[in-house]
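Per-entry structural report
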Amino acid sequence: MENDTEIFAVCGVEEVPDQRCKPFTLLRLENGRAVPWQIIIVHWGRKFFGYVNRCPHEGSPLNFEANQFFDPSRRFLMCGRHSAQFDIKTGDCVEGPCQGQNLAPLHLIVDDGDICIAGVTLVEQGSAQDIDPDDTMEIMIHPD
């Protein structure tokens, strides 16, 4: 099933204040199995940017403490483990051990006051054990 036109609400726009970043854990379908998928949504100016919460250097999440995603100057997203710095608007690594690589971007859409994600197959957390890979449901997942 092609899911490029499907969108799924992650949160309301008011849940991510300007110049802030918020993490979410969703369940994504991979090879017929539901697996946790950590993402971040950044609100910067009038735009929202989304990335998989995974540093390309060694695959660790960016946040080094709860909701800590920025360098001290708050100009870049930063990996708390290796201090790699990423451009907020592009996800490109501008400094650190993974320079030249980038964060995996998400296709976000703001729709009727909700920040939505498109282009992925998500599954309902309560039904993960009942997944039939030929009959997956695409749904919205809200943060814990």
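In case you missed it, the structure is sitting above this.
Report follows, based on the coordinates. (Residues numbered from 1 in each chain as written. Predicted model: local features only at pLDDT ≥ 70, side-chain atom pairs only at ≥ 80, totals over all residues. Heavy atoms only, no water.)

Comments concerning the pairing of strand β1 (residues 7–12)
Applied cut-off: When a residue's accessible area, from a 1.4 Å probe over protein chains only, is under 20% of the maximum for its type it is buried; when over 50% it is exposed; and in between it is partly exposed. Every helix listed is a DSSP run of H or I at least four residues long, and every strand listed is a run of E at least two residues long, numbered separately from the N terminus. Two strands pair under a simple rule: DSSP has to find at least two bridges between them.
Across the six residues of β1, five count as buried, placing the element largely inside the fold. Relative to strand β9 (residues 114–118), β1 runs antiparallel, the two being bridged by five bridges. Pairing of Cys 11 across the sheet is with Ile 115, part of β9.

Digging into the sheet that holds strand β3 (residues 33–44)
Consider a sheet: its strands pair through backbone hydrogen bonds, and that pairing is either parallel or antiparallel. Note the following rule: Geometry is summarised by axes, namely lines fitted to C-alpha atoms with helices restricted to the contacting stretch, and by angles between N-to-C directions that run from 0 to 180 degrees.
The strand order β2-β3-β4 describes an open sheet built from three strands, whose pairing is antiparallel. Looking at strand neighbours, the two that pair on one side only are β2 (20–30) and β4 (47–52), the edges of this open sheet. The mean angle between the axes of side-by-side strands here comes to 30°, regardless of whether they run parallel or antiparallel. Alignment of β2 against β3, held across 11 bridges, turns out to be antiparallel. Across the sheet, the residue bridging to Phe 24 is Ile 39, located in β3.

Regarding the side chain of Asn 53
Under the convention used in this document: For the purposes of these results, a polar contact is taken to be a pair of N or O atoms within 3.5 Å, where, inside protein, one atom must be able to donate a hydrogen and its partner to accept one; residues adjacent in sequence count only when each atom of the pair is a side-chain atom. Contacts are assigned to residue pairs with any non-hydrogen atoms lying within 4.5 Å of each other.
Positionally, Asn 53 belongs in the loop between β4 and β5 (76–78). Of the residues examined, Asn 53 reaches a relative accessible area of 5% and is grouped as buried. Of the polar contacts made by the side chain of Asn 53, one reaches the side chain of Asn 63; its length is 3.0 Å. Setting aside its immediate chain neighbours within four residues, Asn 53 contacts Gln 38, Ile 39, Ile 40, Ser 60, Pro 61, Leu 62, Asn 63 and Phe 69.

Everything listed here is a matter of geometry and, on its own, says nothing about what the molecule does.
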